[in-house]
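Survey of secondary and tertiary structure
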Amino acid sequence: MPKTNFEQNHCELLPVKGWINRIFEENITMSDIIRLLPDSIANQIAAGEVIQRPASAVKELLENAVDAGATRIQLILREAGRSQIQVIDNGMGMSDTDARMSFERHATSKLRSAEDLFMIRTKGFRGEALASIAAIAQVEMKTRKRGSELGTCILIEGSEVKSQEASQCPEGTNISVKNLFFNVPARRNFLKSDQVEFRHIVDEFHRVALAHPGIVFSLHHNNQENFHLEAGGLRQRILSIFGQGHNERLVPVDEVTTIVSVTGFISKPEFARKTRGEQFFFVNNRFIRNPYLHHAVQAAFQELIPQDSFVSYFLFLELDPSRIDVNIHPTKTEVKFEEENNIYTILRSAVKRSLGKYNVTPTLDFEQETSFNFPAPSVNKPVVIPVIKVNPDFNPFQSRNSPIDKPGTESRKESSVYNPQSSIHNQQSPEKELNSGNQELRTNLIQVNNKYIVTSIKSGLMIIDQQLAHERILYERHLKEIAMQKGRSQQLLFPQHFEVTPEDYLLAQEIMNELRNTGFDLNDIGKNTYILHGIPVGMQESEAVMILESILDDFKHSGSHSGREVYEPIARSISKVMAIKNGKRLTNEEMQTLVDELFACEAPMVSPSGKHVVITINSDELEKKFK
Ligand code: ADP
Ligand code: MG
């Protein structure tokens, strides 16, 4: 594009003050009042978007070093980056001219045509960072292009080049940013304590370092080395940043589909915490935030972790750059996906699958097991997506048609999805297996403390928590009932008003059928209000509104129409209320029924709220105890 007269005349770096005066003088005499801002002011304004605090400058400089192909990157800070941020890399360096050019706005080596915008693999591409930083700080950059004899040293302050001269410096780039915001007091005064600013910097450092475990990174603050990260794999990088303790927590995720590949690590459910912890998404190696994808991961852990707790994850999504837009946010931490819903689903199932694969959840295929042992993690084991198979009419404490008495009946067939007996005696015919298996278990059940059912199994000892076991049984039964649209309703004596936001109001209409299937008897009376006449049988009245709200919330995030998001919290709440409690003495018959029904469940090992229902102590462990 040809430059306008105005640009030709005024694009040099004019002293800002004089320039503004001229605008005002001209304004008085001229009728046209719109002028292009001089670069120094434009850069300062742009800097406000890109560089909010020292951590933003750190991020940009680290990313430039990564883009330059560095294998070793040093970050050196003074006063949480306030007085100095220095980044030294051994990347490709810059020529004299490029070094000068790099500080111009929209000056980038990473984009050449509009099409390139759809193929971005580099961290930067907007050509704004260095221009922004140079507008609000004093910058010294020494750089030597790979293979060049000599480097160059350039000094620039408030967008103005102070000097540039030849320099004997190592290959790569060494950039030092001093007195950030020296000419923007408003911004400077809003910085938080050094402690807070440093924490922001460390966050950015972690994000870049995690995305590039093959690069050596170090961080010095006020002459002290805080991090030294050797090159290695992702697991090693996670451990060197967050501590060796993470090793036992991590479960790998590895899922390749045509739309997206998902790799990385998640933490095991037992390490879920009330605080958010370490949660990282990288899209094409760029750290991003995305509440929607976060929800997908949390959803995969549902039932395995207590509500309101969080797991750590380090997940890398790789996809065709033309299917995402990273250019929707100045700091590029937000990304728009063309196929967000599909990615949500793939991510959730990838996480679920790896939890199953590594036996973190008990999606065990007992047909292949020869004992009750928990098998060691096996990477190649085929994974079965859980299907709920429960006999909806079966009540463990009332049924006369107990599966114990009638092996091979309908309900027993359904129960064989998970059948401990068949695994213990898997050489025999199914009926014989069941009989002998049952016999073995039947004689062995003992109740301890009116709380646990203990039995011997081939590999040792098995202990079952009676209350949690019953919760699991009821949960799966209710889920099935609801899915079959058989959810029963109990009428409230005093109907409750349920007022929601306009958005939730519409959502509730959308899932009204599912809600009714579960036993919610809900009437729309307009003005964002519903009247609740009835609630699912077994649910406590005091809980009903809260559960409705959480259903709407889950539904909002997942956008799924499958109904599961609606059904699961309801089934969970009902099973909790209705389950037999610890402290209740059980007859032999009751224990037997409970155990049988538990192992007919799809996921007998965990309670609906994610606690262990069953633990085993194998013979080796027992023997050790007597030594
Ligand atoms: P962007 O990264 O978006 O291209 P920047 O303002 O961050 O914009 O950098 C401008 C240009 O300067 C880059 O495109 C790159 O060519 C060059 N550059 C910046 N930092 C480095 C570095 N550490 N090593 C080599 N080249 C660099
Ligand atoms: Mg950049």
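Residues numbered from 1 in each chain as written. Chains lettered and ligands numbered in written order. Predicted model: local features only at pLDDT ≥ 70, side-chain atom pairs only at ≥ 80, totals over all residues. Heavy atoms only, no water.

1. Let's talk about the sheet that holds strand 19 (residues 489-499)
- A sheet is described by the order of its strands in space; here three strands give the open sequence 19-21-20, paired in antiparallel fashion. The open sheet has two free edges, formed respectively by strand 19 and strand 20 (521-524), since each of these has just one partner strand. On average, each strand axis in the sheet is inclined to that of its neighbour by 20°, with strand direction left out of account.
- Helix-sheet contacts for helix 16 (residues 502-510) involve strand 20 and strand 21 (529-536), and the interaxial angle to strand 21 is about 45°. (Pairing = 2+ DSSP bridges. Helix = DSSP H or I, 4+ residues; strand = E, 2+ residues; numbered from the N terminus. Axes fitted to C-alpha atoms, helices over the stretch in contact; angles between N-to-C directions. Contact = heavy atoms within 4.5 Å.)

2. A word on the packing of helix 8 (residues 194-211) against helix 9 (residues 234-242)
- Relative orientation of the contacting elements helix 8 and helix 9 amounts to 160°, with a least axis distance of 9 Å. By the criterion of interaxial angle, the relationship of helix 8 to helix 9 is roughly antiparallel. In this structure, the crossing between helix 8 and helix 9 has a hand that is right-handed. Contacts between helix 8 and helix 9 involve His 206, Ala 209 and Leu 210 from the first element and Leu 234, Arg 237, Ile 238, Ile 241 and Phe 242 from the second.
- Among the residues forming the contact of helix 8 with helix 9, the class breakdown is six nonpolar, one polar and one charged. (Parallel < 35°, antiparallel > 145°, perpendicular 65-115°, else oblique. Left-handed = near helix turned anticlockwise from the far one by under 90°. Nonpolar A, V, L, I, M, F, W, Y, C, P; charged D, E, K, R; others polar.)

3. Looking at the packing of helix 15 (residues 466-483) against helix 20 (residues 588-599)
- With their axes 9 Å apart at the nearest point, helix 15 and helix 20 run at an angle of 50° to one another. In this view, helix 15 runs oblique relative to helix 20, as classed from their interaxial angle. Relative to helix 20, the crossing made by helix 15 is left-handed. Listed contacts from helix 20 to Gln 466, Ala 469, His 470, Arg 472 and Ile 473 of helix 15 are Leu 594, Glu 597 and Leu 598.
- Considered class by class, the residues forming the contact of helix 15 with helix 20 number four nonpolar, two polar and two charged.

4. Here we look at the environment of Ala 209
- By the element assignment, Ala 209 lies in helix 8.
- Placed 143 residues apart in sequence, Ala 209 and Val 66 show a C-alpha to C-alpha distance of 9.8 Å.
- What Ala 209 contacts, discounting residues up to four positions off in sequence, is Phe 217, Leu 229, Arg 237 and Ile 241.

5. Concerning the side chain of Arg 237
- Tracing the backbone through its elements, the reader meets Arg 237 in helix 9.
- At 7.1 Å, Glu 230 is the nearest oppositely charged side chain to Arg 237, a buried residue that forms no salt bridge.
- Within the structure, Arg 237 has its side chain in polar contact with the backbone oxygen of Pro 213 (distance 3.2 Å).
- Those residues within four positions of Arg 237 in sequence are excluded, and the remaining contacts are Ala 209, Leu 210, His 212, Pro 213, Ile 215, Val 216, Phe 217, Leu 229, Glu 230 and Ala 231. (Buried < 20%, exposed > 50% of the residue type's maximum accessible area, 1.4 Å probe, protein only. Lys, Arg positive; Asp, Glu negative; His and termini not counted. Salt bridge = Lys/Arg side-chain N within 4 Å of Asp/Glu carboxyl O. Polar contact = N/O pair within 3.5 Å; in protein donor to acceptor, adjacent residues only side chain to side chain.)

6. Structural notes on the sheet that holds strand 12 (residues 286-288)
- Taken together, the five strands give an open sheet; going across it, the order is 9-10-13-11-12, and neighbouring strands pair in mixed fashion. With partners counted over all chains shown, the strands left at the sheet margins are strand 9 (250-256) and strand 12, one partner each. Strand-to-strand, the axes of this sheet are offset by a mean angle of 20°, without reference to chain direction.
- Here three bridges tie strand 11 (residues 279-283) to strand 12, and the two strands are oriented antiparallel to one another. Within strand 12, the position partnered with Phe 282 by the bridge is Phe 287.
- Across the face of the sheet, helix 8 comes into contact with strand 11, strand 12 and strand 13 (313-318) while running at roughly 55° to strand 11.

7. A word on helix 15
- Across its 18 residues, helix 15 extends 26 Å between first and last C-alpha, which sits within 8% of the 26 Å expected from 1.5 Å per residue.
- Among the 18 residues of helix 15, 16 are classified as buried, and the element is accordingly described as predominantly covered.
- Measuring from the backbone nitrogen of Gln 467 back to the side-chain oxygen at the start of helix 15 gives 3.1 Å, which picks out Asp 465 as the cap. (Expected span 1.5 Å × (residues − 1).)

8. Observations regarding the pairing of strand 9
- Pairing between strand 9 and strand 10 (residues 261-267): seven bridges, direction antiparallel. Within the sheet, the bridge partner assigned to Asp 254 lies in strand 10 and is Thr 263.
- In textbook terms, the turn of a hairpin is the stretch between consecutive antiparallel strands, and for strand 9 and strand 10 this stretch comprises four residues.

9. Examining helix 9
- Buried residues of helix 9: Leu 234, Arg 237, Ile 238, Leu 239, Ile 241 and Phe 242, and no others.
- Where helix 9 terminates, the next one or two residues include Gly 243, which has phi positive at roughly 105°.

10. Quick look at the packing of aromatic side chains
- Per the counting criterion, the structure on display carries twelve aromatic pairs.
- On the basis of an interplanar angle of 40° and a centroid distance of 5.5 Å, the ring pair of Phe 205 and Phe 227 is categorised as tilted. Of the two residues, Phe 205 sits in helix 8 while Phe 227 sits in strand 8 (residues 224-229), which places them 22 residues apart along the sequence.
- With a relative accessible area of 0%, Phe 205 lands in the buried category. (Phe/Tyr/Trp six-rings, centres within 6.5 Å; stacked < 30°, edge-to-face > 60°.)

11. Quick look at the site of ligand 1
- Contacts to ligand 1 come from 18 residues, most closely from Asn 64, Thr 108, Ser 109, Lys 110 and Gly 127.
- The contact in question runs from an oxygen atom of ligand 1 to an N or O atom on the backbone of Gly 127, over 2.8 Å.
- Look at ligand 1: alone it shows 530 Å² of surface, and the protein chains cover 92% of it.
- Residues belonging to the shell around ligand 1 are distributed by class as follows: six nonpolar, eight polar and four charged. (Near = heavy atom within 4 Å. Areas by Shrake-Rupley, 256 points an atom, 1.4 Å probe, with all protein chains shown as cover.)

12. Points about a nonpolar patch on the surface
- Together, Leu 117, Phe 118 and Met 119 give the surface a local cluster of nonpolar side chains, amounting to about 300 Å² of exposed area.
- Within the secondary structure layout, Phe 118 lies in the loop between helix 5 (96-101) and helix 6 (129-135). (Patch = residues over 30% accessible without salt bridge, like charges linked within 9 Å, V, L, I, M, F, W, Y side chains within 5 Å.)

13. Here we look at the pattern of salt bridges
- Counted under the stated rule, the structure contains 14 salt bridges.
- The shortest N-O distance in the salt bridge between Arg 126 and Glu 128 comes to 3.0 Å.
- By relative accessible area, which is 10% here, Glu 128 ends up buried.
- The partner of Glu 204 in a salt bridge is Arg 207, and the shortest N-O contact between them spans 3.3 Å. Here Glu 204 pairs with Arg 207, and both are found in helix 8, just three residues apart, close to one helical turn.
- Residue Arg 207 is classed as buried on the basis of its relative accessible area of 13%.

14. Side note on the pairing of strand 7 (residues 216-221)
- Extensive coverage of strand 7 is indicated by the burial of five of its six residues.
- Bridging between strand 1 (residues 72-78) and strand 7 involves six bridges; their strand directions are parallel. Within strand 7, the residue paired with Arg 72 across the bridge is Val 216.

15. Here's the deal with the confidence of the model for the protein chain
- On average, residues of the protein chain carry a pLDDT of 79, and 80% of them reach 70 or more.
- Across residues 1-18, confidence stays below pLDDT 50; counting only partners more than four residues off in sequence or on other chains, it has 16 contacts. (pLDDT = per-residue confidence, 0-100.)

16. A short note on unusual backbone geometry
- Phi is positive for Glu 79, close to 45°, though the residue is something other than glycine.
- Examined against the element boundaries, Glu 79 turns out to sit in the loop between strand 1 and strand 2 (84-89).
- Owing to a relative accessible area of 41%, Glu 79 belongs among the partly exposed residues under this scheme.
- Residues other than glycine seldom take positive phi values, yet Asn 284 does so here, at roughly 45°.

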